[in-house]
Amino acid sequence: MIPIIPSQEVAQALETGQPVVALESTIITHGMPYPDNLAMARSVETLIRDNGAVPATIAVIGGVLHVGLTEEQAEALARAKDPLKLSRADLAFAMARRLTGGTTVAATMMAAHTAGIPVFATGGIGGVHRGAETSFDISADLDELARTPVTVVCAGAKAILDLPKTLEVLETRGVPVIAYGQDAFPAFWSRDSGLTATLRLDDAAAIADFMVMRARLSGFGHGGVLVANPVPESDEIPLTEMATFIERGISEAADAGIGGKAVTPWLLARILEITDGRSLKTNIALVENNARLAAKIAVAHAQKSGKP
Ligand code: PSU
Ligand code: MN
C-alpha cells in the first residue's frame, strides 16, 4: 500500500465521487515568501470551494504524504524553516527520513493520481531551461506529464525557461497542450508568449470531454494533459516588459553560480525584488485564476464520469 494520508474531507469527497482539485505546495515552500504564501494557499482553497469542488493541497510533513491539509498543517508548511523541494526523485527520501517539503508539479501529479484525483491546479510548470543544451536542465515535470494521467491547469511556463524547447519536448512526449480561450501559449506573468499552443478549448465542459475521451484511449497508454490558462488581463505583466526583468535575473543567477533545483526559486525571489513586488501580485492572481478553472473542470468531469 502506498503511504498516502488523505484528509477526512478529501477521503469522503473521493468516496462519494465529488469533484476534488489537487494543489501543489512547492509554490508555498519555495515560490512565495511568508506570509503571502499562506494567504495565497488559503484564498486558493476558498476559490475552489466557491466553485463547487474540494481542495486537496499535497505536501510531505514530517515524512507523511498528505492529500488535503488542515489549517494548522498549511500554516506549519508555510512557516517551515528550510523545507525541501520534492520532485519525483526526492519523495521516498523525504518520507523515509521523516522530513518536510513542498511537492513540485511532478510529485503532486504522482500523489494526486494515486489518491484518485484527476485535476490539479498550479502556477506554472517547470520546463526546459535556457542553456539546456549544455546544462541538461529539463524539469522532471515534463516527464511526469508524459506518464501520469492527471490534468494540470497552469498559466503556461515561466519565460525564464526556453519556451519553444519546452513545447517541443511536450509534443515529443505526447502531452496535449491546450490553451484556454485563446490560441497563444501563455507565459505565466504574461498572457502571450508569442508561441501558439497546438490545441485550444474555450470552456471547462469541453476540457472535461477531452479528458474522458483520453481516458477511453488509455489502452494505448496515456499520460497527463496540460491546460494553459492565461493570467487575467488586469493582472498581467506583458512579455516585452517582463523580458528585461528576466534577463537581469538570469544573468545575476549565473554570476551567483545558482544551479539545479535552486534556479527557479532563486529567480522567482529575485524577480520579485526587481519588480518591487509586482511579479508576486501577478503570481498570486494567476494561481487563483487557475484554481477557479480547475474547479470548474473538476465539476464538469465528475458529472461526465457519471458521478454526482
Ligand atoms: N512555478 C511557480 N512557482 C514555483 C514553481 C513553479 O510559480 O514554485 C515550482 C513548481 O513546483 C514546479 C517546479 O513543479 O517549480 C519546477 O522546478 P524544477 O524546474 O526544478 O523542476
Ligand atoms: Mn531543474
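Residues numbered from 1 in each chain as written. Chains lettered and ligands numbered in written order. Predicted model: local features only at pLDDT ≥ 70, side-chain atom pairs only at ≥ 80, totals over all residues. Heavy atoms only, no water.

1. Examining the domain arrangement of the chain
Going by this rule: Segmentation into domains, and thus their bounds, comes from an automatic or database assignment. Throughout, a contact is declared for two residues whenever any of their heavy atoms are within 4.5 Å. We define buried area as the total accessible area lost by two parts upon association, computed with a 1.4 Å probe and summed across both. Here, a salt bridge means any Lys or Arg side-chain nitrogen found within 4 Å of an Asp or Glu carboxyl oxygen. Two N or O atoms count as a polar contact when they lie within 3.5 Å, although within protein this holds only if one can serve as hydrogen donor and the other as acceptor, and sequence-adjacent residues are included solely when both atoms are side-chain atoms. Here a helix means four or more residues in a row that DSSP labels H or I, a strand means two or more in a row labelled E, and each is numbered from the N terminus.
For the chain, the assigned domains are domain 1 (1–117) and domain 2 (119–308). Its C-alpha centre places domain 1 at a distance of 19 Å from the equivalent point of domain 2. The partner domain 2 presents 37 residues to the 34 residues of domain 1 that form the contact. Together, the buried faces of domain 1 and domain 2 total about 2,800 Å²; carbon and sulfur atoms form 69% of this surface. Of all residues in domain 1, Asn 51, Val 105 and Met 109 give up the largest surface area on contact with domain 2, accounting jointly for 21% of the area buried on that side. The tally of links from domain 1 across to domain 2 stands at two salt bridges. The salt bridge partner of Lys 261 is Asp 90, with a shortest N-O separation of 2.8 Å. Put simply, domain 1 and domain 2 have eight residue pairs in polar contact (both at pLDDT 80 or more) between them. For the side of domain 1 that touches domain 2, the secondary structure elements donating two or more residues are strand S2 (20–23), helix H2 (26–31), helix H3 (36–50) and helix H6 (105–115).

2. Comments concerning the nonpolar core
Put simply, the rule is: By convention a nonpolar core is built from buried Ala, Val, Leu, Ile, Met, Phe, Trp, Tyr and Cys residues, the set being connected through side-chain atoms within 4.5 Å. Only protein chains enter the accessibility calculation, which uses a 1.4 Å probe. A residue is then buried if its area is under 20% of the maximum for its type, exposed if over 50%, and partly exposed in between.
Ile 125, Val 152, Leu 170, Trp 189 and Leu 226 are the most contacted members of the largest nonpolar core, which totals 94 residues. Here this core gets ten residues from one element, more than from any other, and that element is helix H13 (residues 278–304).

3. With respect to the site of ligand 1
To keep things clear, this is the line we draw: In this text, near means that some heavy atom of the residue lies within 4 Å of the molecule or strand in question. Residue-level accessible areas treat just the shown protein chains as cover; the underlying method is Shrake-Rupley with a 1.4 Å probe. Amino acids outside the nonpolar list (Ala, Val, Leu, Ile, Met, Phe, Trp, Tyr, Cys, Pro) and the charged list (Asp, Glu, Lys, Arg) are all regarded as polar, and Gly is one of them.
With respect to spatial proximity, 17 residues lie near ligand 1, and among them Glu 24, Lys 85, Ser 139, Asp 141 and Lys 158 are the closest. Contacts to ligand 1 include Ser 139, whose side-chain N or O atom sits 2.7 Å from an oxygen atom. Taking Lys 158, its side chain carries an N or O atom lying 2.6 Å from a nitrogen atom of ligand 1. Surface burial for ligand 1 is 94%, taken as the share of its 480 Å² of free accessible area covered by protein chains. Listed by contribution, the elements that provide at least two residues to the shell around ligand 1 are H2 and helix H12 (263–274). For the shell around ligand 1, the residue count by class is four nonpolar, nine polar and four charged.

4. Digging into the packing of helix H11 (residues 239–255) against H12
Here is the rule: A fitted line through C-alpha atoms represents every axis, and for helices the fit uses only the stretch in contact; the resulting angles, taken between N-to-C directions, go from 0 to 180 degrees. Roughly parallel means an angle under 35 degrees; roughly antiparallel means over 145; roughly perpendicular covers 65 to 115; every other angle is labelled oblique. For a crossing to be left-handed, the near helix must be turned anticlockwise from the far one by less than a right angle; the clockwise case is right-handed.
Closest axis-to-axis distance for the H11/H12 pair is 9 Å, and the angle between their directions is 125°. Our classification of the angle between H11 and H12 gives oblique. For the element pair H11 and H12, the recorded crossing hand is right-handed. Residue-level contacts link Met 242, Phe 245, Ile 246, Arg 248, Gly 249, Ile 250, Glu 252 and Ala 253 of H11 to Trp 266, Leu 267, Arg 270, Ile 271 and Ile 274 of H12. Taken together, the residues of the contact of H11 with H12 sort by class into nine nonpolar, one polar and three charged.

5. Things to note about the packing of H3 against helix H4 (residues 71–79)
At a closest axis distance of 9 Å, the pairing of H3 and H4 adopts a crossing angle of 145°. As for the relative orientation of H3 and H4, their crossing is right-handed in sense. Across from Asn 37, Leu 38 and Arg 42 in H3, the residues of H4 making contact are Glu 71, Ala 74, Glu 75 and Ala 78. Counted by class, the contact of H3 with H4 contains three nonpolar, one polar and three charged residues.

6. Structural notes on the pattern of salt bridges
Inspection of every chain in the model, using the stated rule, returns 18 salt bridges. Put simply, Glu 75 and Arg 42 hold a salt bridge, and the shortest N to O gap is 3.6 Å. With Glu 75 in helix H4 and Arg 42 in helix H3, this residue pair connects regions lying 33 residues apart in the sequence. On the accessibility criterion, Glu 75 (26% relative accessible area) is partly exposed. Looking at Arg 42, the relative accessible area reads 37%, which means it is partly exposed. Notably, a salt bridge pairs Arg 270 with Glu 252, separated by 2.4 Å at the nearest N-O pair.

7. A short note on the environment of Gly 68
Here Gly 68 lies in the loop between strand S4 (64–67) and H4. In the structure, Gly 68 is positioned 63 residues away from Ile 5 in sequence and 8.3 Å away in space, judged by C-alpha atoms. In contact with Gly 68, not counting residues within four places along its chain, are Ser 7, Val 10, Ala 56, Thr 57 and Gln 73.

8. Thoughts on the side chain of Asn 289
Tracing the backbone through its elements, the reader meets Asn 289 in helix H13. Sequence-distant contacts of Asn 289, defined by excluding residues within four places in its chain, comprise Asn 229, Pro 230, Val 231 and Pro 232.

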